[in-house]
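# Notes for the structure review
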Amino acid sequence: MIKKGEVVKLKTFKLGGVHPPENKMAAGNPIEPVTLPKRVTVHLNQHIGAPANPVVKKGDTVKVGTLIGKGEAFISANIHSPVSGKVFSVDPVADGSGYKVKSVIIDVEGDEWEESIDRSPDLKKEITLEPSQIVDRIKECGIVGLGGACFPSHVKYMIPEGKKVDTVVINAVECEPYLTADDRIMIEKTEEIMIGIEIMKKAAGVEKAIVGIEANKPEAIAKMEKAASVYPGTIIQPLKVMYPQGAEKQLIKSVLNREVPSGKLPLDVGCVVNNVGTALAVYEAVQKNKPLIERVVTVTGKKLTKTANYMVRVGTPLSVLVEAVGGMPEGTEKVINGGPMMGKAIPSVDIPVTKGTSGIIFMDKAEARRKLTRNCIRCAKCVMVCPMGLEPYLLEKIADKERWDEVEKLAATDCIECGSCSYTCPSSRPLLDLIRLGKANVNRIRWERSKK
Amino acid sequence: MSKFIVSLSPHEKGKYTVEHVMWGVVIALIPAFISSVVNFGYRAVAVTAVALITCVFCEYLIQKFLMKCEITAFDGSAAVTGILLAFNLPSSIPLWQVVVGSIVAIAVGKMAFGGLGKNPFNPALVGRGFMLMSFPVDMTTWPIPLKSAWEWDIASKLDAMTSATPLGVLKEGNFSELPELWDLFIGTVGGSLGETSALAIIIGGIYLIHRKIITWHIPVLYLGTIFVLTGIMWLINDTANINPVFHILSGGVMLGGFFMMTDMVTSPMSLWGQVIFAVGAGVICVAIRLFGAYPEGCMFSILIMNAFVPLIDKYIKPKKFGTEVNYG
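Residues numbered from 1 in each chain as written. Chains lettered and ligands numbered in written order. Predicted model: local features only at pLDDT ≥ 70, side-chain atom pairs only at ≥ 80, totals over all residues.

### Section: the pairing of strand E5 (residues 67-70) of chain A
All names here are of chain A. Note the following rule: Think of it this way: DSSP has to see at least two bridges between two strands before they count as a pair. Only DSSP runs of H or I covering at least 4 residues are called helices, and only runs of E covering at least 2 are called strands; the numbering of each starts at the N terminus.
In this sheet, E5 lies alongside strand E3 (residues 53-54) in antiparallel orientation, the contact comprising 2 bridges. If you follow Asn-53 over to E5, its bridge partner there is Lys-70. Alignment of E5 against strand E6 (residues 79-80), held across 2 bridges, turns out to be antiparallel. When the sheet's bridge partners are listed, Gly-69 is paired in E6 with Ile-79.

### Section: the packing of helix H1 (residues 131-140) of chain A against helix H4 (residues 190-204) of chain A
Pairs of packed helices are described in terms of their axes, by the angle between the two and the distance that separates them. Residues and elements named next belong to chain A. Using the following cut-off: Only C-alpha atoms enter the line fits that serve as axes; for helices the fit covers just the stretch in contact. Angles between N-to-C directions range over 0 to 180 degrees. An angle below 35 degrees is treated as roughly parallel, one above 145 as roughly antiparallel, one from 65 to 115 as roughly perpendicular, and anything else as oblique. It is the rotation of the near helix from the far one that decides the hand of a crossing: anticlockwise by less than a right angle makes it left-handed, clockwise makes it right-handed. Throughout, a pair of residues is in contact if the C-beta atoms placed from their backbones lie within 7 Å. Gly counts as polar in this scheme, as do all residues outside two lists: the nonpolar Ala, Val, Leu, Ile, Met, Phe, Trp, Tyr, Cys and Pro, and the charged Asp, Glu, Lys and Arg.
Across the interface, H1 lies against H4 with an axial gap of 8 Å and an inter-helix angle of 120°. On the basis of the axis angle, H1 is oblique to H4. Crossing hand, H1 versus H4: left-handed. The residues of H4 that touch H1, namely those facing Pro-131, Ile-134 and Val-135, are Ile-199, Lys-202 and Ala-203. The class makeup of the residues in the contact of H1 with H4 is 5 nonpolar, no polar and 1 charged.

### Topic: the nonpolar core
Just so we agree on the cut-off: The term nonpolar core means buried Ala, Val, Leu, Ile, Met, Phe, Trp, Tyr and Cys residues held together as one set by C-beta atoms within 7 Å. For every residue, the other C-beta atoms within 10 Å of its own C-beta are counted; 20 or more classify it as buried, 12 or fewer as exposed, and values in between as partly exposed. C-beta atoms are placed from the backbone.
In terms of nonpolar packing, the biggest core is built from 222 residues, with Ile-170, Val-282 and Leu-321 of chain A touching the most fellow members. A total of 9 residues in this core trace back to one element, the largest contributor, which is helix H3 (residues 42-67) of chain B. Excluding residues that lie within four positions of it along the chain, Val-282 of chain A makes contacts with Ile-138, Ile-143, Ser-153, Gly-196, Ile-199 and Met-200 of chain A.

### A word on the domain arrangement of chain B
Residue and element names in this part refer to chain B. We count it as follows: Marked domain ranges trace back to an automatic or database domain assignment.
For chain B, the assigned domains are domain 1 (17-163 + 172-213) and domain 2 (216-315). Inter-centroid distance (C-alpha atoms) of domain 1 to domain 2 is 19 Å. Taken together, the contacts link 27 residues of domain 1 with 23 residues of domain 2. Take the side of domain 1 that touches domain 2: its biggest share by element is 6 residues, from helix H10 (residues 198-210). Along the lines of polarity and charge, the residues of the side of domain 1 that touches domain 2 split into 16 nonpolar, 9 polar and 2 charged.

As structure tokens, this is what we get:
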């Protein structure tokens, strides 16, 4: 355990990294429920991979936990009704990025749950399911990675022939500023998370799990260490605060000192990485048969009088959360879905919460607007902070000139889009914007090449 | 419905700006300026002021009337060029020559390439190089520190007021007339305005490293290379060569290592590139000092290595993540 003022040599990754102001104002707020909305909009593509296919139609009655979208492709995930009520329509609705995606809109009536779901608060410690049954249950319950990328979790545990896994790495870093959702669940649902990790260990067939937590969450570290003492093989690893430590490759480097090579997966260095929120969702799915229908969302901002961590049903419009904290602060110019470093700015608060919504941040004019772009002064700060060892200044320049072959040679596709380069640039150059453009074009060219 | 700004991440921005960097360098030059005023009096103030004002004004005029672009003359970069140029001049230099040198530094050394960030050579050294070729006598007349400090009209009393620089004395081979190391350290020796006091420059350099405007690599490796190479020569023959401490404390290598080689625009981007840059410049500097025609090689060593920067950046790349094999 880390005491205040104590000097501990904490682990971290070696290459690059920045330390933006932490601004974790909501860290002290316990998780609260939020009132059920009148209508929810459940997108059918809340995960990476193919969208789920709707299995309900207009007029159907659904309960909390009823399957409404079936993930049929290899990489896809089931979607369950987060509320009880009547299906109003199954139509394309604009999501946070403005694209229209197929969604199930449900008018809420009461709060009636499927009988198969165990709603009792009792802790169920004994894991009765076999590894393959665990994977099936995770798939049935539509569990996806809750760190933000929403990769369907069951796929990670279908370990291909010839690959050997020795460690489950639990990502409890929460390196994004502002966000405190993972911090709160570790404090309030410690035991459940520990059992979730045991389930993951069993599913992956390994003895060892390492939970990486940044040192700015001392209460969570203390609670997790206390709870982990009865679980042999589960190690709590406090980490030095350094962005982007929550990125998969950087976290593996921090806790195990292994480097995932370019274009490879954590599996190639013997790891399965899951978010700590996913561990909780796995516990609920496997032990309580509860599908992924709600999550913790941090609502915060410098101008808010009340910041909060809400337990929110998927599909709830963000406007419900805005009302719950007492309305939008005066002068809000930008609303971010997610953290300030990698989150998406959203056009309106009418969009719904998805499985990947970790927080909403309100920014005023001074924070929302970009500064004027100046000439590159070749200060090399972007090169120094890049956690992947790339040259952002050069990628920006050649992507701007549309020299895609050179962009490819400079390994633009290794970029994890953490934004450290743009964050640190004294000339406020749009480094990551151009690198994204370069990446997209390189991927397009590679796709065209593969078709020939 | 309220209108929100939608932009790509990151939405957070660090507090470093170009102004932050440039004015940070200006602050770091203050100790050296104080030392130059103590040693060379009001001519030090006059030369620095003329160079600074000419540089900023010249950049302003070029941006306003020639390039017709946004005016960034006051971001501190032109001021840094002006101060560094002044610090590389003797205090007795006629002020009109300072004006000419400053105009060359900004107009030819910087703006001709497109302004801040585009110039391949350090603009202050371009200005100084031009002046050394054009006004060789005035550029190598070195007033005696302290004695000449409060004398405005040095030109009329050249014999009484001037002497050779320590490196000049060394080139002549008069070892017995060399100053004490302590004088070199605090700066009470002949030389350019801002280069004489190693102490003042090191204080400024530590400030730059502390503010994370520069890293320790370039100055330490540049001075270290000079120390090692001159040290080897000294060990081989200590009657013909002076000890290496003298070499790193004398001439312009302190000022050059901390303030001019570390110029972001004209130094390599990758760490190993910076290592090559610094060591290469150290080798060139020692070669000129020991075997060349000039007593001092600092300026040429930096300008020559500046020319290699694009080549270094092309072939020396930063270490990529995932190349360290440590599993299986």
